[in-house]
Amino acid sequence: MSDHPVLHVKGRVLVGPEDVRDELWVVGGRISYDRPGAARDVRTVEGWALPGLVDAHCHVGLSATGPVPDEVSEEQALTDRDMGALLLRDAGSPSETRWIDTREDLPKIVRAGRHIARTRRYIRDFAHEIEPDDLVAYVGREARRGDGWVKLVGDWIDRGLGDLSPCWPRAAVEAAITEAHRLGARVTAHCFAEDSLRDLAEAGIDCVEHATGLTEDTIPLFAERGVAIVPTLINIGLFPKLADDGEAKYPRWSAHMRRLHERRYDTVRAAYDAGIPVYVGTDAGGTLPHGLVAGEVAELVTAGIPPLDALSATAWGARSWLGRPGLEEGAPADLVVYEADPRADVRVLAAPRRVVLNGRVVN
């Protein structure tokens, strides 16, 4: 890191939502608010600086058909990086991506290991597919493999029923979450529908992905227990097409998916109003391309979340939730510079002026 040139960022540095400074320095790849003495090789960047954005639900190393080669994983990570997403929570991937940690030019990843699903109750080649008796063992395995998170598939279409239904018995979920917590890992779960949410929250789950099934019955429970949600609204926007594709074979499921889609914004706003922590996640990988973080922030605003809080859901708040620093003194210099104030208009996020990762301007 000592060979990094000194970088001078000036204009407006958004250290926090209301903590705005005129400049920061990057010395040896780390942030300083003290001007370095006798700096010779200085590069200046001007604009509005934010901490590197967070995509709290994406899948590096995954495509619609399963695992991808390393060169595709690299392309996915670079696409996120160039849109300013410098911290990714990989919410389930069958690919081994630890090699990314050795690359200073690629985003930092917080991994949840591989999805854990019920047999024949998820997308083929994505997950470990197991039965409830094996859930605790597999949760322990992925807790050790990941970076402090485990990802369950909480519900999926039951082909016999013809609709979404919970994947796990309550007792199995309770034991699995207890084991993850014993190992120091948090647990999240893919959930579209309503019926799995109470059991998961009462069993101590830490987060739910999508959470389209939240209702006036479960929203207070999530708020009381501090269960976070990552709504992935861009992905939820695909529900009508999925419903159309499945109409002939699963009409009950298709109608359910349409209802969840129709009330998606109301659901997110009601969760936010109740005090449920909401974070930005795009669900990139699988069927969606990477690089969508700006669009997901805009979707939260469309849902009725105030712009400053939507911004925090991908910046200060999201980094704190994942236990990673922002623009504090001495932190790794991961930041994005924009032409205008993103607090005034989150659409600014779609056009980063400069991206700085580990102290280097990378685009």
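Use the structure listed above.
First, a word on what this report is: a plain description of the structure on this page. (Residues numbered from 1 in each chain as written. Predicted model: local features only at pLDDT ≥ 70, side-chain atom pairs only at ≥ 80, totals over all residues. Heavy atoms only, no water.)

## Describing the overall build of the protein chain
Right, on to step 1. Counting its secondary structure elements, the protein chain contains twelve helices and 20 strands.
Right, on to step 2. The C-alpha atoms of the protein chain give a radius of gyration of 21 Å, which matches the 21 Å a tight globule of 363 residues would have.
Right, on to step 3. Seen through its principal axes, the protein chain has C-alpha atoms that stretch 70 × 40 × 35 Å.
Right, on to step 4. Within the protein chain, the fraction of its 363 residues that count as buried is 56%.
Right, on to step 5. Considering only residue pairs separated by 6 or more positions, the protein chain has 66% of its internal contacts joining residues 24 or more positions apart.
Right, on to step 6. When the accessible surface of the protein chain is totalled, it reaches about 14400 Å², and 48% of it is carbon and sulfur.
Right, on to step 7. Taken together, the 43 basic and 57 acidic charged side chains of the protein chain have centroids lying 2 Å from each other. (Helix = DSSP H or I, 4+ residues; strand = E, 2+ residues; numbered from the N terminus. Rg over C-alpha atoms; globule rule 2.2 N^0.38 Å. Buried < 20%, exposed > 50% of the residue type's maximum accessible area, 1.4 Å probe, protein only. Contact = heavy atoms within 4.5 Å. Areas by Shrake-Rupley, 256 points an atom, 1.4 Å probe, with all protein chains shown as cover. Lys, Arg positive; Asp, Glu negative; His and termini not counted. Charge placed at Lys NZ, Arg CZ, Asp CG, Glu CD.)

## Examining the layout of surface pockets
Right, on to step 1. Estimates place the volume of the largest pocket at around 730 Å³.
Right, on to step 2. Broken down by secondary-structure element, the contributors of at least two residues to the lining of the largest pocket are strand S5 (53-63), strand S12 (155-158), helix H7 (239-246), helix H8 (251-262) and strand S17 (284-286).
Right, on to step 3. The element contributing the most residues to the lining of the largest pocket is H7, with five residues.
Right, on to step 4. Here the lining of the largest pocket is composed, by residue class, of 16 nonpolar, ten polar and six charged. (1 Å grid on protein atoms, 1.4 Å probe; cavity = no way out; pocket = protein on both sides within 12 Å on 5 of 7 lines; lining within 4 Å. Points joined across faces, edges and corners; volume = space filled by probe spheres on them. Nonpolar A, V, L, I, M, F, W, Y, C, P; charged D, E, K, R; others polar.)

## With respect to the pairing of S5
Right, on to step 1. Among the eleven residues in S5, ten count as buried, and that is most of the element.
Right, on to step 2. Pairing geometry for S5 and strand S7 (residues 85-90), over four bridges, is parallel. Bridged to Val 54 within S7 is Leu 87.
Right, on to step 3. Strand direction decides the pairing type here: S5 and S17, joined by two bridges, are parallel. Considered in S17, the bridge of Cys 58 is made with Ala 284. (Pairing = 2+ DSSP bridges.)

## A look at the nonpolar core
Right, on to step 1. Counting residues in hydrophobic clusters, the biggest one holds 87 residues, and the most contacted among them are Leu 50, Leu 135, Leu 214, Phe 222 and Leu 300.
Right, on to step 2. Among the elements that make up this core, the one with the highest residue count is helix H3 (residues 170-182) (five residues).
Right, on to step 3. When neighbours within four sequence positions are excluded, Leu 50 is seen to be in contact with Leu 14, Leu 311, Ala 315, Trp 316, Leu 327, Asp 334, Leu 335, Val 336, Tyr 338, Pro 342 and Leu 349.
Right, on to step 4. Counting residues in hydrophobic clusters, the runner-up holds 16 residues, among them Leu 24, Val 26, Tyr 33 and Leu 327. (Core = buried A, V, L, I, M, F, W, Y, C linked by side-chain atoms within 4.5 Å.)

## Observations regarding the packing of aromatic side chains
Right, on to step 1. For the structure shown, the criterion picks out six aromatic pairs.
Right, on to step 2. Taking 4.8 Å as the distance between ring centres and 75° as the angle between the ring planes, the aromatic pair formed by Tyr 122 and Trp 156 counts as edge-to-face. In this pair, Tyr 122 sits in the loop between strand S9 (116-118) and strand S10 (128-130) while Trp 156 sits in strand S12, placing the two residues 34 residues apart along the sequence.
Right, on to step 3. Residue Tyr 122 is classed as buried on the basis of its relative accessible area, which comes to 11%.
Right, on to step 4. For Trp 156, a relative accessible area of 15% gives the class buried.
Right, on to step 5. The cationic tip of Arg 89 hangs over the ring face of Trp 149; the distance from NZ or CZ to the ring centre is 4.6 Å.
Right, on to step 6. Over the face of the ring belonging to Tyr 265 we find Arg 264, whose NZ or CZ atom lies 4.2 Å from the ring centre. (Phe/Tyr/Trp six-rings, centres within 6.5 Å; stacked < 30°, edge-to-face > 60°. Lys NZ or Arg CZ within 6 Å of the ring centre and 35° of its normal.)

## With respect to helix H9 (residues 264-273)
Right, on to step 1. Looking only at H9, the buried set comprises Arg 264, Thr 267, Val 268 and Ala 271. Here the buried residues of H9 occupy an arc of 95° about the axis, which is enough to place them on one side. Set apart from the buried face of H9 by more than 90 degrees, the exposed residues are Asp 266 and Asp 273.
Right, on to step 2. Where H9 is buried, its residues meet helix H5 (219-225), strand S16 (228-230), helix H6 (233-236), H8 and helix H10 (293-302).
Right, on to step 3. Just past H9, the residue Gly 275 takes up positive phi, approximately 95°. (Arc of directions from axis to C-beta.)

## Overview of the packing of H7 against H8
Right, on to step 1. In the contact formed by H7 and H8, the axes pass within 8 Å of each other and the chain directions differ by 170°. The angle between the axes of H7 and H8 places the two elements in the roughly antiparallel class. Counted together, Phe 239, Pro 240, Leu 242, Ala 243, Asp 244 and Gly 246 of H7 and Pro 251, Trp 253, Ser 254, Met 257, Arg 258, Leu 260 and His 261 of H8 form the full contact between these two elements.
Right, on to step 2. Class assignment of the residues belonging to the contact of H7 with H8 gives a composition of eight nonpolar, three polar and two charged. (Axes fitted to C-alpha atoms, helices over the stretch in contact; angles between N-to-C directions. Parallel < 35°, antiparallel > 145°, perpendicular 65-115°, else oblique.)

## A short note on the sheet that holds strand S20 (residues 360-361)
Right, on to step 1. Strand order in this open sheet of seven strands is S3-S2-S1-S4-S18-S19-S20, and the pairing throughout is mixed. Two strands close off the open sheet at either side, each with one partner strand: strand S3 (30-32) and S20.
Right, on to step 2. Across two bridges, strand S19 (residues 354-357) lies against S20 in antiparallel orientation. Each bridged residue has a counterpart across the sheet, and for Val 356 the counterpart in S20 is Val 361.

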